[in-house]
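Overview (structure and organization)
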Amino acid sequence: MAVDYEADRIREVQSFFGSEPILDTYAERLAFRTGEKYMFSTFLHRGKSLLDAGCGTGRASFLLAPWFESIEAFDIAPKAIERARAENERLGTSIRFRVADVTELPFESASFDNIVFAYNGIEGIASEELRERALAEICRVLRPGGRFVLSTKSALNWEYWKEFRLKGAAKRLLARVGMAGREWLGLRSGDILHRESGQLVRLHTTNPIVMARRLRRIGFRVLYFNSEVRLRANETA
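Summarised in this report is the structure supplied together with it. (Residues numbered from 1 in each chain as written. Predicted model: local features only at pLDDT ≥ 70, side-chain atom pairs only at ≥ 80, totals over all residues. Heavy atoms only, no water.)

Side note on the environment of Leu 130
Cut-off, in case you're wondering: Only runs of H or I of at least four residues qualify as helices and only runs of E of at least two qualify as strands under DSSP, and these elements are numbered from the N terminus. Working rule for contacts: check all heavy atoms of both residues, and any pair within 4.5 Å makes them a contact.
For Leu 130, the location among the structural elements is in helix H6 (residues 128–141). Considered as a pair, Leu 130 and Val 102 are 28 residues apart in the sequence and their alpha carbons are 9.1 Å apart. Not counting chain neighbours up to four residues away, the residues in contact with Leu 130 comprise Glu 6, Thr 103 and Ile 125.

So, in structure tokens, the structure goes:
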């Protein structure tokens, strides 16, 4: 059943992002990822309110704290929020962290001037229906004229194709005859198995062209999109 699959994925995401090795790894990465500083500094409205969706241990929130008057941040993994709150207290910042589900946001409509949904955020959502619901909720709580910066794992990235699609296809065939782990079975279209710090989680890759169409359909006006590969080469046009 779809409900069972979605509930299982939520538990898997909470377990992965709440595991001590991942918490330690992510807490140490207090730096902008490739292209993020350009995207944030170019498109966000500084000095206003910010919502950090899927904040994890608070990396983006802490980096952006000097830019904004107020920041709300949430994640579906309670242990990640515990770690973020501890760091918030240590740093003396006034970010409000909470546990929440992006598909059912606990905020009034038109609450925020800026929203970011960064690294390994939307990729952890279980189904197309839930990913669409999440984006619709973000659109609902964004003020008219507000800015939303979203990053995703592109299904068109050659490294993902090589590592996850080609090798993944071989792993699935081997799993069917008992020569590879059963975790390779049952992956849905666009899903990959992501291994980090000895932990494993299913994540989704997105066709950026399809994503742009979806965002427009939901009600966003797409101002700009680019790839991490191009941004790494300072190709911003």
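What about the nonpolar core?
To keep it simple, the criterion reads: To define a nonpolar core, start from buried Ala, Val, Leu, Ile, Met, Phe, Trp, Tyr and Cys residues and group those joined through side-chain atoms within 4.5 Å. Only protein chains enter the accessibility calculation, which uses a 1.4 Å probe. A residue is then buried if its area is under 20% of the maximum for its type, exposed if over 50%, and partly exposed in between.
Among the nonpolar cores identified, the biggest contains 24 residues, and Phe 74, Val 102, Ile 115, Phe 117, Ile 138 and Phe 148 are the most heavily contacted of them. Taken together, the elements giving at least two residues each to this core come down to strand E1 (49–53), strand E4 (112–117), H6, strand E5 (142–150) and helix H8 (208–218). With 5 residues, the single largest contributor to this core is H6. Core analysis: the second largest hydrophobic core is formed by 19 residues, Met 39, Trp 67, Ile 81 and Ile 95 among them.

What about the pattern of salt bridges?
Put simply, the rule reads: A carboxyl oxygen of Asp or Glu within 4 Å of a side-chain nitrogen of Lys or Arg is what we treat as a salt bridge.
Within the structure shown, the criterion is met by 18 salt bridges. For the salt bridge of Glu 128 with Arg 214, the shortest nitrogen-to-oxygen distance reads 2.4 Å. Linking Glu 128 in helix H6 with Arg 214 in helix H8, this pair joins segments that are 86 residues apart in sequence. Overall, Glu 128 belongs to the partly exposed group, its relative accessible area being 38%. Its relative accessible area of 11% is what places Arg 214 among the buried residues. A salt bridge links Arg 140 to Glu 137; its shortest N-O distance comes to 2.7 Å. Of this pair, Arg 140 and Glu 137 both sit in helix H6, 3 residues apart, roughly one helical turn.

Considering the packing of aromatic side chains
Stated formally: Between 30 and 60 degrees the pair is tilted, below 30 it is stacked and above 60 it is edge-to-face, where a pair is any two Phe, Tyr or Trp rings, Trp via its six-membered ring, whose centres lie within 6.5 Å. Definition used: whenever NZ (Lys) or CZ (Arg) falls within 6 Å of the ring centre and also within 35 degrees of the ring normal, the charge is taken to sit over that ring.
Per the stated rule, a full pass over the model turns up 13 aromatic pairs. Each ring, one from Phe 16 and one from Phe 17, has its centre 4.8 Å from the other, and the planes form 85°; the classification is edge-to-face. Take Phe 16 and Phe 17: they sit in the same class, and that class is buried. The rings of Phe 16, Phe 17, Tyr 26 and Tyr 119 are connected pair by pair, giving a single aromatic cluster. Looking at Arg 33, its charged tip hangs above the ring of Tyr 119, at a distance of 3.7 Å from the centre. Over the aromatic face of Trp 67 sits the side chain of Arg 46, whose NZ or CZ is 3.8 Å from the ring centroid.

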